[in-house]
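# Structural description and commentary
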Amino acid sequence: MAEIALPRESRRVPHPALWLLVLALIALPWGAGRVTQDRMLARLDQDAQIAAESAALTLDSILDRQRAVATVLSVDAQVIDLLAQGGADRGNAVSAKMDLLRAETQSDVIYLLNRDGRAVAASNWDQPASFIGHDYGFRAYFRQAMAQGTGQEYALGTVSGRPGLYLAHDVRAAGAVLGVVVVKVEFDALEAAWARDSGATHVLDAEGRVVLSGQPALRFGPLPEARASLEARAAVRGTDWRLLVRRPVAEA
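Report on the accompanying structure. (Residues numbered from 1 in each chain as written. Predicted model: local features only at pLDDT ≥ 70, side-chain atom pairs only at ≥ 80, totals over all residues. Heavy atoms only, no water.)

On to the nonpolar core, then. Judged by nonpolar contacts, the single largest core of 39 residues is most densely connected at Leu 59, Leu 112, Phe 187, Leu 212 and Trp 241. It is helix H1 (residues 16-74) that provides the largest number of residues to this core, a total of 10 residues. Setting aside chain neighbours within four positions, we find Leu 112 in contact with Val 79, Leu 82, Leu 83, Val 94, Met 98, Arg 118, Ala 119, Val 120, Ala 121, Val 171, Val 180 and Val 181. Counting 15 residues, the second-largest nonpolar core is a separate cluster that includes Ala 122, Tyr 136, Phe 142 and Tyr 166. (Core = buried A, V, L, I, M, F, W, Y, C linked by side-chain atoms within 4.5 Å. Buried < 20%, exposed > 50% of the residue type's maximum accessible area, 1.4 Å probe, protein only. Helix = DSSP H or I, 4+ residues; strand = E, 2+ residues; numbered from the N terminus. Contact = heavy atoms within 4.5 Å.)

Within the fold, Asp 170 resides in strand E4 (residues 163-173). Here Arg 172 takes part through its side chain, which lies 2.8 Å from a polar atom of the side chain of Asp 170. Not counting the four nearest positions on each side in its chain, Asp 170 is found in contact with Ser 74, Ala 145, Gly 149, Val 177, Gly 179 and Val 180. (Polar contact = N/O pair within 3.5 Å; in protein donor to acceptor, adjacent residues only side chain to side chain.)

Mapped onto the fold, Leu 167 is located in strand E4. For the pair formed by Leu 167 and Gln 66, sequence separation is 101 residues and the distance between their alpha carbons is 7.6 Å. Residues contacting Leu 167, with those up to four places away along its chain left out, are Leu 63, Gln 66, Arg 67, Gly 151, Gln 152, Val 181, Val 182, Val 183 and Val 185.

Glancing now at the pattern of salt bridges. The tally for this structure, following the rule as stated, stands at 16 salt bridges. Between Lys 97 and Asp 76 there is a salt bridge, and its shortest N-O distance comes to 2.8 Å. Of this pair, Lys 97 sits in helix H3 (residues 88-105) while Asp 76 sits in the loop between H1 and helix H2 (77-85), placing them 21 residues apart in sequence. Exposure remark for Asp 76: the relative accessible area of 16% places this residue in the buried category. Look at the salt bridges and you will find they share partners, linking Asp 60, Asp 64, Arg 67 and Arg 237 into a network. (Salt bridge = Lys/Arg side-chain N within 4 Å of Asp/Glu carboxyl O.)

On a regular strand, each side chain points to the face opposite its neighbour's, so the side chains alternate between the two faces of the sheet. When you tally the buried positions in strand E6 (residues 200-204), you get 5 out of 5 residues, the bulk of the element. Of the two faces of E6, both are covered, the one formed by Ala 200, His 202 and Leu 204 as well as the one formed by Thr 201 and Val 203. Here E6 pairs with strand E9 (residues 242-248) via 5 bridges, running antiparallel. Bridging from a neighbouring strand, Thr 201 pairs with Val 245 of E9. Direction of pairing for E6 relative to strand E7 (residues 210-213): antiparallel, over a ladder of 3 bridges. Residue His 202 lies in a different strand from E7, and its bridge partner there is Ser 213. (Pairing = 2+ DSSP bridges.)

A word on unusual backbone geometry. In this model, Gln 106 sits at a positive phi of 65 degrees, which is unusual for a non-glycine residue. Note that Gln 106 resides in the loop between H3 and strand E1 (109-114). Phi is positive for Phe 220, close to 70 degrees, though the residue is something other than glycine. Mapped onto the elements of the fold, Phe 220 is located in the loop between E7 and strand E8 (229-235).

Before going further, it helps to examine the sheet that holds E7. The antiparallel open sheet is built from 4 strands, whose spatial order is E7-E6-E9-E8. The open sheet terminates on both sides in strands that have one partner only, identified here as E7 and E8. In this sheet, neighbouring strand axes are inclined to one another by 25 degrees on average, regardless of whether the strands run parallel or antiparallel. Running over the sheet, helix H5 (residues 188-195) touches E6, E7 and E9 and is turned about 70 degrees from E7. (Axes fitted to C-alpha atoms, helices over the stretch in contact; angles between N-to-C directions.)

Structure, rendered in structure tokens:
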């Protein structure tokens, strides 16, 4: 069979510039999508950092307010007189004052310990679960305050069984330590707000243990690893805590 000769133009190899144009047209949608995704990830990372810093500032404000309560009570004349002289009437007066402060400052409970660590006044003095008479001398926050002037500890309550942060301040007179004022703070409202967020907010202590979280079931354990998420961190002033915000990458 005779070979059919094709026109010379049909056997021509396309110009290299044409190939480059075709490749560019194919890659253009992918490249544009990639740039958009990178920008969205950067925006998500920025939003997570802003959220972490904002949450840390809110927590800082709560803790500053509660520390101020302990500081003010540590120099209160009625508190000092009760520790120095005792007496049921003095105890009732101090307890009533603590209950008023608790309501105004949104703390959970405020109480006063003598040098032995026994509660002699408490904001819950008129309730069945009153702290008065209980021994808290074994608590780290009490020992810290007696030795260093202030102390704090995140732990479960021995009476209530509820977790919270205990802030303690020593009470002094004539250079001697008479006892310790303690303010317990619970964070239910704050954690409930975090739980409504699309991401996840946690607070870790120096050992990496979860102390606060929008997922309360994680408390007192290590924070599980999370895949496909961005993380932003912020320090909590006056503590060794780190606040961590996670955002799902899928949001980008």
